[in-house]
Structure formats: C-alpha cells, structure tokens
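Chain and residue survey
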Amino acid sequence: MQIKIGFIINPIAGMGGRVGLKGTDGVLKEAVKLGAKPISPKKALEMLEEFNSNFSNNNTVKWYTSKGVMGSNQLENVGIKDIEIVYETENRNTSSQDTKKICKRFLEKKVDLILFCGGDGTARDIFEIVGTKIPILGIPSGVKMHSGAFGINTSATAKILNDFIKKDLTIGEIEILDLDEDLYRKGEWNIRLFGIAKGIVEPTYIQVGKSIYETASDDEIKDELAEHIMEEIEENKDTLYLFGSGGTIDYIAKTMNLENTLLGIDAIYKKKIIGKDLNEKKILKLLEKYHKVKLILSPIGAQGFILGRGNLQLSPKVIKKIGIDNIIVISTPSKLANTPVLRVDTGDKKLDKKFAELEYIMVVTGYRFRRVVKVQTNNF
Amino acid sequence: MKRNPTAFLKREYDELVKNNLDWKLRILETGSAPHSVVDGKKVIMLCSNNYLNLSNHPKLIKAARESAQKYGAGSGSVRPIAGTLKIHMEVERRLAKFKGTESSLIYQTGFAANAGLIPQLAGKGDIIISDELNHGSIIDGVRLTKADRAIYKHRDMGDLEKVLLDADKKYNRILIITDGVFSMDGDIAPMDKIVKLGNKFGAMTYVDDAHGEGVIGPDGRGIGAHFGIGGKIDVEMGTFSKAYGVVGGLIAGSQDLINFAYNKSRTWLLSGSHPPSVAGAQLAAIDVLETEPKHVKNLWDNTKYFKKELNSMGFDTGESETPITPVIVGESSKAKELSSKLYDEEVFALPIVFPMVARDKARIRTMMNAGLNQEDLDFALDKFEKLGKKLDII
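Residues numbered from 1 in each chain as written. Chains lettered and ligands numbered in written order. Predicted model: local features only at pLDDT ≥ 70, side-chain atom pairs only at ≥ 80, totals over all residues.

Moving on, we get to the environment of B:Ala380. Residue and element names in this part refer to chain B. Looking at where Ala380 falls in the secondary structure, it is placed in helix H14 (residues 374–390). Residue Ala380 is classed as buried on the basis of its C-beta count, with 25 C-beta atoms lying within 10 Å. Along the chain, Ala380 and Glu346 lie 34 residues apart, while their C-alpha atoms are 8.3 Å from each other. (Helix = DSSP H or I, 4+ residues; strand = E, 2+ residues; numbered from the N terminus. Buried ≥ 20, exposed ≤ 12 C-beta atoms within 10 Å, placed from the backbone.)

Residue and element names in this part refer to chain B. Direction vectors running N to C along helix H6 (residues 157–170) and helix H7 (residues 191–201) enclose 15 degrees, while the axes themselves pass 11 Å from each other. Classified by the angle between their axes, H6 and H7 sit roughly parallel to one another. Relative to H7, H6 is oriented so that their crossing is right-handed. Facing H6, whose interface residues are Met157, Leu160, Glu161, Leu164 and Asp168, H7 presents Lys193, Leu197 and Phe201. (Axes fitted to C-alpha atoms, helices over the stretch in contact; angles between N-to-C directions. Parallel < 35°, antiparallel > 145°, perpendicular 65-115°, else oblique. Left-handed = near helix turned anticlockwise from the far one by under 90°. Contact = placed C-beta atoms within 7 Å.)

Turning our attention to the sheet that holds strand S2 (residues 41–45) of chain B. Residues and elements named next belong to chain B. Taken together, the three strands give an open sheet; going across it, the order is S1-S2-S11, and neighbouring strands pair in mixed fashion. Taken across any chain shown, the strands that pair with only one partner, and hence form the sheet edges, are strand S1 (35–38) and strand S11 (347–348). One ladder, built from two bridges, connects S2 with S11; its direction is parallel. Residue pairing across strands places Ile44 opposite Val347, the latter belonging to S11. (Pairing = 2+ DSSP bridges.)

With that settled, the discussion passes to the domain arrangement of chain B. All names here are of chain B. The domains assigned to chain B are domain 1 (7–56 + 294–390) and domain 2 (58–291). Measuring from the centre of the C-alpha atoms in domain 1 to the corresponding centre in domain 2 gives 26 Å. In this assembly, 22 residues from domain 1 lie in contact with 21 residues from domain 2. Elements represented by at least two residues in the side of domain 1 that touches domain 2 include exactly helix H12 (294–313) and strand S10 (324–330). When grouped by side-chain class, the residues that make up the side of domain 1 that touches domain 2 number 11 nonpolar, eight polar and three charged. (Domains from an automatic or database assignment. Nonpolar A, V, L, I, M, F, W, Y, C, P; charged D, E, K, R; others polar.)

Moving on to the packing of H12(B) against H14(B). Residue and element names in this part refer to chain B. Between H12 and H14, the shortest axis-to-axis distance is 11 Å and the interhelical angle comes to 20 degrees. Between H12 and H14, the crossing angle belongs to the class labelled roughly parallel. Both H12 and H14 take part in a crossing whose hand is right-handed. Seen from H12, the contacting residues are Asn302, Tyr305, Phe306, Glu309, Leu310 and Met313; seen from H14, they are Leu377, Leu381, Phe384, Glu385 and Gly388. Here the contact of H12 with H14 is composed, by residue class, of seven nonpolar, two polar and two charged.

The next thing to look at is the domain arrangement of chain A. Residues and elements named next belong to chain A. You can read the domains of chain A as domain 1 (2–201) and domain 2 (217–377). The straight-line distance from the C-alpha centre of domain 1 to that of domain 2 is 30 Å. If you look at the interface, domain 1 gives 16 residues, while domain 2 gives 15 residues. Elements with a minimum of two residues in the side of domain 1 that touches domain 2: strand S6 (170–179) and strand S7 (191–201). Counting residues per element, the side of domain 1 that touches domain 2 draws most heavily on S7, which supplies six residues.

Structure follows, in structure tokens:
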C-alpha cells in the first residue's frame, strides 16, 4: 500500500528561541539581527535520516512537498526519490502564507498525513487550513511546542511516523496550543487553546478473551467516560459542574446533548448549561452563588497540562475556591500513553505546591475505572 | 425488514482471518506430553501448562479409570441439585489440607471461578483494585460487577498504596486482585506485601494462582506457601488444568468464604459438576504432589538449567522467577519467525506479540516441563542457539 505524506519545513522556526524571543512569528528580522541561525532544516534532516536508516516497512511512501528549503532539499539530501513538488515559493524569505498555500495543495492531493518541522506557530498555520481533514505530525523545532502534534525528539518522531505507516498507530485528537500574541504584546503570557486537530495516537487495547485484544476506538472510550460523568452528575443533583476545554470533555457534553464550548469553560447545573465560554470573572461570580462545585478537566497538549495551558480562565483564585479535591480528571488511555505525567502550572506558587504535595491524581480512564497518574508542577 | 440473520458469522470470521487474528488450531495426535506429535510432527513441547507432566502420571490415569468404573461417566446434575458426589467433597477436603486453608471449593474451570466469584465479592459503593497485567478472566469477572475499578502499575506496591489511600476514603469494601504468577513474564506478585497492605487498609485480597499451583511453594502448594502466608490470603484461586494435570478451577480460604462462594457463584450453581473421572484424577494429583516431591524438583532443576543456558547464550529472559521463561527477541515478526523455525527444528513454543506484550518485547514464551530430560533440554537449547544466531538475536 502507498502512503501519501505531505512534508513541510518552516525554515525559520525556532530561530527566536536562542536569542530570547518568545517565537519567531513576525520578528524574524530582529532574530537574525540578534544572531539567530536556522535550526529546523537540521532537525528535519536528523529525523529523515533516522527514519530512512532505521526503519523498513512493507508500505511505500510517496512524498508531496515544496521545492527548496521548505521541503525537497532535505528529502533529496537523504536520498528520497519518490517526491512530487506541489509548490514553489515566490519570495526568498518564506512566510506563514507559504505554509498555508502548501497546505491547500496537500488538501487537493489528499495526503494521508502532514509531517511538518516547526513549532506551535507552524502547527497553527497548518491547522487553520486543513482543520481535522488531515492528521498532522510535528518534528519539534520551534520555540514553543505546547501542541499535541510533536514527537518528543527527532528520533521519537521518526518512530511514530514509521508506526503510523505500519498502521500500528491510529488517528486521534490532539490540541493546538500557542501563545496568544495579542495578549503577549500587552505583557500577558497566555498559552491559548486554538483548536482540536487530528494527530497520531497510540490505540487503546481491550482484552476481550484469553490472549485476544481488540482495539477500542477513541469514541468507544469516550462513550464510557461520558457514561461515568453522566452517572456522577445524576448522583450529585445539587452540584455545579464546570466543564473544561478539549475534545474529550466536548464529546461528553455532546453525548449529554449540551451545546458545549470546545475551547472554553462551561457551567452545567442540573444537566443544563447555565454559562458558556466563561472567563475568570464570570466563573468567580458563579462560585459565589453555588457552593457545591466540581471541575472536570482533561490533559491538554503534548506535555499533559491540566491547568495552566489553554485554560488560564481557571485562575488560582478560581481553583482555590473550587478546592483541589473537587477536581475530576478524565482522560482516554491513549492520551495518557503519550503524557504519562499530568502537569500543573497555575501561576501561584503556593497553589502549585499543594498540587505537588498530592504527588498523584486518580484519573478516570473508563466507566468506573481509574488509575494513578503522577502530577508535576514546574516549581517543585 | 429483510435481514440475513446469520450473515455476520461469516463476515466477522473472514475479517479475523484477513487480519490474521483467527486462532489456527494446532492438533496434538498424542496426549499432551514432553514429546508430543503436533500437526504430524514429533516435537519437544515447550508451551504446555502441564508443568509436572501429571496428565500422564499412571496414578492419575488409574484413578480416572477407576472412578469412572465405580461412579459412571457423568455426574448427572449441577452440584446444588443432585450432582455432588462424595468424591467431589473428598477432593475439596484434601485440597484444603494440602493448601493449609480451612476449606476449599472446586469450580468447573478456573474461568468459572473468577467469573462466578469476583462479581459477588464487590458491588455498588465498593472498589476492585487490580494489577494492570492481570489475566483476561479476572478482567471479565471484574466487568460483571457494579463496583468501581482502579488499576495499579504492575507489581508496584507504591502505586497500590496510593490507590488504597484514595479508595479508603470513598468506598465500603475494597478488593485487591492480582495474578500470582504472571503468565506473560513469569514473574511473581509480591503477595506478602499485598496482604500487609490489605490488612493495613481492611482490604480483601484475592490471588489468581493458576500458574503457581503445583509449581511454587514447598511441594507446589502455591503462592500462600511460597511466601509463608498460607491461609492469610482471603481468596487463593487456582486451577487443576495446569500443573495438576487435570481440569477444574479451585478456591481455597476460610469456611465463611466457601459457604458464601457456593451459594452465590452463578457459574458454579448453573453448570454441571465434574465427571467422577475428573474428580478421581484431581484426588490422585494431590496424592502425587504430597508423596512424590521429585516432580516439582525436576521442574525447577530443568527450569534453572534452561534459563541459565539461555542467558549464557546471550538471550534476554526478562524478569522471570518461574518455569515460564520468556525469550525476548524484539519485533513481533522476529518472534513469529523464530517460533516457526523452532517448530521446523522440532521444538514447539509459541510467540507472544504486541499487544499482549510491549511492541519491542515480542517473545517466545517457553514453559518448562518436569518430564523433559537433560538430552531434551540440550536439544532445544541447541536449536535456540542456532536460530538465535541466524536471526541476529544473540
């Protein structure tokens, strides 16, 4: 079988990092002035070399890419031959516009996967065009890499790519996170959740008989989680539930026929939405009125953050008011396979310390099914 | 609606075949013996659970024959109606004595024991805490309950304690379940520590010792005896189908447990009792274990030699502490190839591949047999060495 891979390098990704900028988006000239050197072509080459030399596969790969620095150079450097050029840059300096145009070509070519080399900004550009139509996999090379699209390093990415081609891995949901640049320019550091894309994930296996396993689809697992949460809500009729952001929680809300906000925080009381896409102020207002409150969270992004990335509405003040004991963390097992630790970064050292002292959180991974997962904070 | 009511049978089977997930049954033309004829080829058997070769022991065969002659071919009923023969009761009495527990109960199979008893031990408001690598029949038993479920990392007592600390606050009954000997790696659950934690939190302990019965502990008395905590595990569950060489599930524990179990386990209540020949052979198996220590000794001598030689050849045999010795080779395809080449060379051992074990830990699972002699072992080892080198494993 032939697998079609769209390949794209953002040649300037990561250049801002070494010179102390929070990204390279829009500040390339400044970065170059400060002495920044291209990183991503080298990272892409490393990954491709690893993929080419260490893995063999029955399925063949056809590559679709842009001519020159955004793709074909590095493919040719490692001796890949089956390449179709789908785009040529007009300018010497590449831009996010180029990335987007290439992605449009990938959509036309109906590639099975987009392999890109860059950071959160690149992932966002790609996601903006392809949405959930094509799964994406990132070779980590940016300044910011909070999104769930990236392998841990180049060789891990090579292995994921190979396992995907072998069909050992499956397609699931991943979060696209990035620094909110508008807020950042105003001096506020906020990693925002921009969307839920398709990515490559470890499937969940369920033992159905002696030595026989079946893979459960993400939706089957989410159905179980939904049943669990619905029972929980049923049993606690006078409790206000705050639903966190992300695909898993969104699925549960949809199962309950609630018009939930995928990327925001909603409040549910007696099985009805009473507040949508709430900001910190609105949440605090609700907390004054309702005294029994539970917060449902799911890990977001590559590093398994449950607080502090993509949901800054849940400020230290909000969390303290709700109480750590009233947080329910849910996750599909495939997500935990990628992020074996849960991370917390509330921005409040004392509160972070309270999470650190927990050491672990019992995470709901199926209907009435829980497991221990370590919790980590940045400071402790 | 016009439907074809049985079309799914073929469709689903074809799907299994297409994905290479169907069972390809291997036919033994002999009985299960150290030297068996499998699919027409004489092989050294390294994947049977007949660890002590008791299925071929003259005393067991004689007992089965005599019991059939005396009491007939079948038992006539389920145990609770009219299917409890004196010989069934005798097996249970002798088994309890052998295992050092107050009482015992025989189920139709090991699976019937887990699937019948576990759902009765916990219900709504309770929690069952399970090792992540527990056998499928435990998982099925757990699925039948309305209890909450939590898992802890394989043999990780720190993790188990964390789950217990959390469960202690929220649940009524707590039940900890683990395999005794884990069938994929051959490692042993730290039952002494599990019992200690169980006592600390008032949690009930349940061990599935299918691969430990007749194998570990003095004279093969099982995991309780192995750790010197006989009678302290709330439920010792096991089987007659492996080292004991017959068939049937068993539980051993207090009289209270047994009274509860046979009144509540639906699998036990609703399936026919063992034929007298089976009960007779079970009784003889206990006899042999009590009076002929050489079988267990042979098994362990063989195991130690086989493991030592494999290791010195450079094979990775993992964390095994028992006669289950995995030969870890890496990729699934390599494990399958090694198994098939071993069969060509007259050694029968099956591959275990992902997702039963981690992707890069595919293996040949060998199970030692007390009936193999030095010459047999050297023959098998020679083939392992030759093929291991050929396939670049060692």
